[in-house]
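Chains, contacts and geometry: an overview
Here is how the chains run, residue by residue.
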Amino acid sequence: MKKIDQYSGIAGTVPAPEKLFNLLNLLIFMKLIWRSLTVFFPHSPARTRARGSCTSACVTSRKDAVVVVLGGIILSWFCAMGASAQDGVQQQIDRAVERHLQQRLEKQAATEGWKGLRFTQSSAPQTSVNNLASCSQPLSVKDGGDNRNWSRQRFTLMCSDGGWSVAVLTEVKVYVSAVVAKQVINRGETFSNRQLAVREVEITKNNSGFYSSLDKVVGQGAKRRIRAEQLLVPALVAPAWVIQRGQQVTVVANKDGIAASIQGEALENGAVGEVIRVRNISSKKTIEAKVLEAGLVTSTF
């Protein structure tokens, strides 16, 4: 018994599924031959001559009809065998491309911390594979061109023992688990667990990045208004404001070893580390101050 390859399902040079398909076709072919003979020759020659029910011309006509029917059956059988071989090559192409994409995507997912990776692919050979024999070994895959855009991938697949190669264009869709807004979030709001959810989203054409877990986002703020079900990308997220415009703040200053503090009014929203404008409540002068924490800033002069 020949060993069947675990990837291609091949025994020798003919895939096991194709052998089964061809055997079934042969059995059907033989059954149709038998039916044809019983239809056109329902009686033995001796009984036919005894009854005198058919002339030699009638028998010849029936024989010609049998030839036509059998010819059609044989033609259909060979067409089916050709289609089976074509399907076998296409299936090998699909398996090889899928294995290659799986390896690349899992590597990127591990590097970037993706979760819940899933993908689909549809591969179309750029030339006909009708005359290609199934490969007894797994096909090797070579990237072709710039494949950084996941949605459209180009590959060259090669059969080492069959001596053939074929260019393939593959349409890919990639899905991962990512953070989305459960509701509308207004600019400046601080993200909380109740506002966010982790759901499966397609990222095939995403070039802006995304977040795989809530702890990367909760506690930060929205740079602008975010609609419900919108994917959160870094461009939408900023450090949370700890000072709001119009809020009274304490301004501390240290100069030449002398420390002082005054009360001021924030003229801008600000997160920790940001520099905002503050108006001195006493002198009405406007200064720039760096946000230290909620309600506390330090003069930058």
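The following refers to the structure shown. Quick caveat, the model's predicted, so the values are computed rather than measured. (Residues numbered from 1 in each chain as written. Predicted model: local features only at pLDDT ≥ 70, side-chain atom pairs only at ≥ 80, totals over all residues. Heavy atoms only, no water.)

1. Points about the sheet that holds strand β16 (residues 296-299)
Ordered in space as β11-β12-β14-β15-β16, the five strands form a closed barrel in which the pairing is mixed. Each strand of the sheet is rotated relative to its neighbour by a mean of 50°, with strand direction disregarded. The pairing of strand β15 (residues 286-293) with β16 spans four bridges and is classified as antiparallel. Bridged to E293 within β16 is L296. (Pairing = 2+ DSSP bridges. Helix = DSSP H or I, 4+ residues; strand = E, 2+ residues; numbered from the N terminus. Axes fitted to C-alpha atoms, helices over the stretch in contact; angles between N-to-C directions.)

2. Thoughts on unusual backbone geometry
With phi around 70°, E229 is a residue other than glycine that occupies positive phi space. The exposure class assigned to E229 is partly exposed, which follows from its relative accessible area of 46%. Although it is not a glycine, K284 sits at a positive phi angle of roughly 70°. Note that K284 resides in the loop between β14 (275-280) and β15. Exposure remark for K284: the relative accessible area of 56% places this residue in the exposed category. (Buried < 20%, exposed > 50% of the residue type's maximum accessible area, 1.4 Å probe, protein only.)

3. Brief notes about the environment of N147
Tracing the chain through its elements places N147 in the loop between β4 (140-143) and β5 (152-159). Its relative accessible area of 7% is what places N147 among the buried residues. The contact partners of N147, leaving out residues within four places of it in the chain, are R104, R152, Q153, R154 and F155. (Contact = heavy atoms within 4.5 Å.)

4. Things to note about the packing of aromatic side chains
The relative placement of two aromatic rings is captured by the distance of their centres and the angle of their planes. Summed over all chains, the structure comprises one aromatic pair. Ring geometry for W114 versus F210: centroids 6.1 Å apart, planes at 40°, classification tilted. Linking W114 in the loop between α3 (56-112) and β3 (118-125) with F210 in the loop between β7 (196-202) and β8 (221-222), this pair joins segments that are 96 residues apart in sequence. F210 shares its class with W114; the two are buried. A cation sits over an aromatic face here: R118 above Y175, 4.2 Å from the ring centre. (Phe/Tyr/Trp six-rings, centres within 6.5 Å; stacked < 30°, edge-to-face > 60°. Lys NZ or Arg CZ within 6 Å of the ring centre and 35° of its normal.)

5. Here's the deal with the pattern of salt bridges
Scanning all chains against the criterion turns up six salt bridges. Residue R277 is joined to E268 by a salt bridge in which the shortest nitrogen-to-oxygen separation is 3.9 Å. Using a relative accessible area of 37% as the deciding quantity, one classes R277 as partly exposed. (Salt bridge = Lys/Arg side-chain N within 4 Å of Asp/Glu carboxyl O.)

6. With respect to the state of the cysteines
Within this structure, the stated rule accounts for one disulfide. Each sulfur of the disulfide joining C135 and C159 lies 2.1 Å from the other. Because the torsion about its S-S bond is 95°, the bridge between C135 and C159 counts as right-handed. Highlighted residues: C135 in the loop between β3 and β4 and C159 in strand β5, separated in sequence by 24 residues. For C135, a relative accessible area of 0% gives the class buried. (Disulfide = S-S within 2.5 Å.)

7. Section: the side chain of S299
Note that S299 resides in strand β16. What S299 contacts, discounting residues up to four positions off in sequence, is V251, V252, A253, I287, E288 and A289.

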